[in-house]
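The primary structure of each chain is shown beneath.
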Amino acid sequence: MEAFRQEIIIGAVVGYMIFCVLTGLWAMRRTHNSSDFFIAGRGLGPIVVSLALFSSTLSGFGFVGGPGLVYSIGVSSFWMVVISSCGYALGFYLVAKRIRMIAELRDCISLPDIVAARYGSEAVRFMIAITIVLGVMGYLATQILAMAVVMQAILSGTEAFANVGLVTCVVISSAVLIFYCVTGGIIASVYTDVVQGSIMIVAGTLILFTAMNVFDGGIQEATSIILADDYETVMPYGAAGIMASLGWFFVFGLGLAGQPHLITKMMMNKNIRDNRSILPMSLFGYVMAALLWISIGIVMRAAVIDGVVDPLALPDDAASVFLSVFTNPLLAGIVFAGLFAAIMSTSDAFLNIGTAAIIHDIPKAIRGKSIENELFWARVVTVLLAIVAASFALYSHFRDATLVALLGAFGWGTFAASIFPVVAVGLNWKEATVAGAVTAIGTALTINFGSQLAGITFPYGVSGQLVAFVSSMVLFIGVSLVTKKPVLDNDIKLMMDI
Amino acid sequence: MRSKLIYIIFAVAVLMAAILLAICLAETVPDAGGRAHAEIPGLQVGGDGAARLQYIGPLAFIFQCLLLIQIALLSLLGVAERYRTSELLAYMGGTLAITLFIAWKMFSGHSAFLDTGETGYFMGFPTATAWQTYGTWLGAIPLILIYSFGFNKFFYTKEDEEKFNALLAEKANKLSEAKNPDRAT
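In this text, all values refer to a predicted model and were calculated from it rather than measured experimentally. (Residues numbered from 1 in each chain as written. Chains lettered and ligands numbered in written order. Predicted model: local features only at pLDDT ≥ 70, side-chain atom pairs only at ≥ 80, totals over all residues. Heavy atoms only, no water.)

### Regarding the packing of helix 4 (residues 86-116) of chain B against helix 6 (residues 141-155) of chain B
Residue and element names in this part refer to chain B.
Thought 1: In contact at an axis separation of 11 Å, helix 4 and helix 6 are set at 170° when each is read in the N-to-C sense. With respect to each other, helix 4 and helix 6 are oriented roughly antiparallel. Contact residues: helix 4 offers Glu87, Leu88, Tyr91, Met92, Thr95 and Ile98, while helix 6 offers Pro142, Leu143, Ile146, Lys153 and Phe154. (Axes fitted to C-alpha atoms, helices over the stretch in contact; angles between N-to-C directions. Helix = DSSP H or I, 4+ residues; strand = E, 2+ residues; numbered from the N terminus. Parallel < 35°, antiparallel > 145°, perpendicular 65-115°, else oblique. Contact = heavy atoms within 4.5 Å.)

What follows is the structure, encoded as structure tokens:
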């Protein structure tokens, strides 16, 4: 079997991609209007929503960057993972019920629709839509690039495709992504998420058991090796220190409720009462899949320190080297399919919310109405958005990484700082005002983008994202308290009483 | 409670901002955010743990505790005011106590290791790290249980469902009247 390792891996990945294309074709017949395209007509069951929610949370970063971070800085990066239980809980306590109610009450199909209904303000809608578009470009570009790099690594291991270029890999991977997103919209997206999520759970569980058997003494032997080399790396705050760790605790804990690609999925369930089962199922799926993140990183760091494996060229190679050295080909095939699943499930979510912002929200904020024939334009813009993001990815790779790095600053932390106060707090506090919302979003964007542009760093590993998030929270509540109490529409007021 | 709750959340957020500022202004130590491994490229090390906590250790721990308090307060904000009963407050208080206890075991366990250089292990990790890894993960599980098992009691009761259905019916009536103005009475 070892002789056919590459063929097995390629077979698993190709099989998965064919499944995505077929799902797109099937979903196309169920997509009749823009509501179907963007929020699946609010008709999804709890299992589908749970798997879609957690698989969109764990992007390619969780399969590549996550193990790389543990390899590089140790336990510090655990904080992004272990805080998930708090993060999911807050997301459901603050957002799930209310966003679902407003969506039905006002026929909302996007997050900017929700904030426009809540605040009665097109300015807030516009700012959230712009934040989403900027974030989507950065996220999508990095996801597409990651997908292409992994595909190139897999294909170049075979004789037939030894010289395959990165551009070809970008074209192939983007084509599959575009096909099922354009044909089936969010319906294709969430049903592929179901399989993607299932693959990720299986991959995470199997990898944990494999990692536990790399050293005779299991994970404890691995952590002992790391501790003997540098104890801080395997202590609770890791190599990056206490404030970097707590920064991730804050941004990932509270910030999950501010991620547009995740909370939009909370609008899609058929029944509000399904939330009670969606929360534990999503968390369970995330925890099982994230076992891969922690176990690969720890074992690879110990293996390199112990001389079992040569030092890695890049920390992000941790997962691929682990798979080639320590796993059998079948498991490697499953995990590589899981990696593509993780990247695609996040990418399709971003394509969907980015398209909604461009064809639905920005025109509505500027002209007071969305464009005619939304479904047609949704499909056109989905293609264009993916092509622009893929071009950004290639430009970044071959010419200048600054652009994508800058857009990358509009990632999780910027969404968290901009959107959490306005949506998660604002949906539960009637006195929140438009001025508070605009100030919070403006502050979050300015600090995140400004610190990235100016190259500002804070002492003790304090991140710009943490500073932005704390500032936007304080200003959102503070400005709302000192400005005139808003007059809410009656239906929104009654909904917020429920 | 609602009118006071947002003020408490605001106060905690301001306190966190102040502590963050104090940490940024505190005397710095070399490699507080880690440094490159001397022999293996791509790896970072933490170095002298005691030195890294010398000026900011207690402040950072207070920041962590305030964050846990804020999570509990925000969770409470997500519950309608009339359902913030003493029973719910007891559950939330208990959850907060558990998470604070875990944070203390983590911080004090780390400090004890820095003093003695000795540690036990639990399920693969040094004891303090096990509190962080398993404790933080599991510490919020009561929040999940409160939501799942208490959904019909604290989050969306039958009465709430009826109110929401009434809102939807009102919306449907308005739409119908707008489409057929003659039928409006």
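### A few points about the packing of aromatic side chains
Two descriptors summarise a pair of aromatic rings, namely the distance from one centre to the other and the angle between the planes of the rings.
Residues and elements named next belong to chain A.
Thought 1: What the rule picks out here adds up to 29 aromatic pairs over all chains.
Thought 2: Taken together, a centroid distance of 5.1 Å and an interplanar angle of 15° make the contact between Phe252 and Trp412 stacked. Taken together, the residues Phe252 in helix 11 (residues 242-255) and Trp412 in helix 18 (residues 412-425) connect sequence positions 160 residues apart.
Thought 3: Ring centres of Phe350 and Phe415 lie 6.2 Å apart, and the angle between their planes is 15°; this geometry places the pair in the stacked category. Placement of the pair is Phe350 in helix 15 (residues 329-367) and Phe415 in helix 18, with a sequence separation of 65 residues. Of the two residues, Phe350 and Phe415, both sit in the buried class. (Phe/Tyr/Trp six-rings, centres within 6.5 Å; stacked < 30°, edge-to-face > 60°. Buried < 20%, exposed > 50% of the residue type's maximum accessible area, 1.4 Å probe, protein only.)

### Topic: the environment of A:Leu292
Residues and elements named next belong to chain A.
Thought 1: Topologically, Leu292 is positioned in helix 13 (residues 275-305).
Thought 2: Assessed through its relative accessible area of 1%, Leu292 is described here as buried.
Thought 3: For the pair Leu292 and Met266, spaced 26 residues apart in the sequence, the C-alpha separation amounts to 26 Å.

### A few points about the interface of chain B and chain A
Thought 1: Contact residues are listed per partner, giving 87 residues for chain B and 84 residues for chain A.
Thought 2: When chain B packs against chain A, close to 7,600 Å² is buried across both sides, 72% of that on carbon and sulfur atoms.
Thought 3: Here chain B is connected to chain A by 3 salt bridges.
Thought 4: For B:Glu161, the salt bridge is made with A:Arg273, and the minimal N-O distance between the two is 2.9 Å.
Thought 5: Between chain B and chain A we count 27 residue pairs in polar contact (both at pLDDT 80 or more) in total.
Thought 6: Of all the elements, helix 1 (residues 2-25) of chain B adds the most residues to the side of chain B that touches chain A, at 12 residues.
Thought 7: Per-class residue counts for the side of chain B that touches chain A are 54 nonpolar, 23 polar and 10 charged. (Buried area = accessible area lost by both parts, 1.4 Å probe. Salt bridge = Lys/Arg side-chain N within 4 Å of Asp/Glu carboxyl O. Polar contact = N/O pair within 3.5 Å; in protein donor to acceptor, adjacent residues only side chain to side chain. Nonpolar A, V, L, I, M, F, W, Y, C, P; charged D, E, K, R; others polar.)

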